[in-house]
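Spelled out from the first residue to the last, the chains are:
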Amino acid sequence: MPYALDRLPDLSPYGGHWTTTTVPASHTLGDHPVERGLAHLPDVEWQYQPDNCEGPPWGDEYLDGTLELCPGCGIDVT
Ligand SMILES: [Zn+2]
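The rules we used
Residues numbered from 1 in each chain as written. Predicted model: local features only at pLDDT ≥ 70, side-chain atom pairs only at ≥ 80, totals over all residues. Heavy atoms only, no water. Helix = DSSP H or I, 4+ residues; strand = E, 2+ residues; numbered from the N terminus. Donors = N, O, S within 2.8 Å, 3.2 Å for Na, K, Ca; no water. Tetrahedral: all angles 85-135°; square planar, octahedral: opposite > 155°, others 65-115°. Buried < 20%, exposed > 50% of the residue type's maximum accessible area, 1.4 Å probe, protein only.

*Asks:* Can you tell me about the environment of L11, naming the residues and giving the values?
*Replies:* Along the chain, the position of L11 falls in the segment before strand 1 (17-23). Taking C-alpha positions, L11 is 8.0 Å from A39, a pair spaced 28 residues apart along the chain.

*Asks:* Mind laying out the coordination of the zinc ion, listing which residues take part and the relevant values?
*Replies:* Distances from the zinc ion to its protein donors, H27 (NE2), C53 (SG), C70 (SG) and C73 (SG), fall within 2.0 to 2.3 Å. Every donor counted, the four donor atoms about the zinc ion form angles of 103 to 117° at the centre, which fits tetrahedral coordination. The sequence pattern formed by the donor residues of the zinc ion is H-x25-C-x16-C-x2-C. Note that H27 is positioned in helix 1 (residues 25-28) and C73 in the segment after strand 4 (67-69), a separation of 46 residues in sequence.

*Asks:* Any chance you could break down the environment of M1 for me, citing the residues and the numbers?
*Replies:* Secondary-structure assignment places M1 in the segment before strand 1. Since its relative accessible area comes to 83%, M1 is described here as exposed. With 67 residues separating them in the primary sequence, M1 and E68 have C-alpha atoms 9.8 Å apart.

Printed below as a string of structure tokens:
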């Protein structure tokens, strides 16, 4: 389950921070757009925006596997 926007985990081990973004239903395979955390990591440039993301529907693990980020656009897909 993705983290609630007010409970996003601390990205400071990576020197990163969060913003929030509206993710279209096409990305989450849901019925409605949703607000999700979008990770900003200093060494990572996401290739896509959430609304045109072609990343796979699984995430890369961070923070010892407690967080998964879309490898295409950096949203929380935990
Ligand atoms: Zn994505």
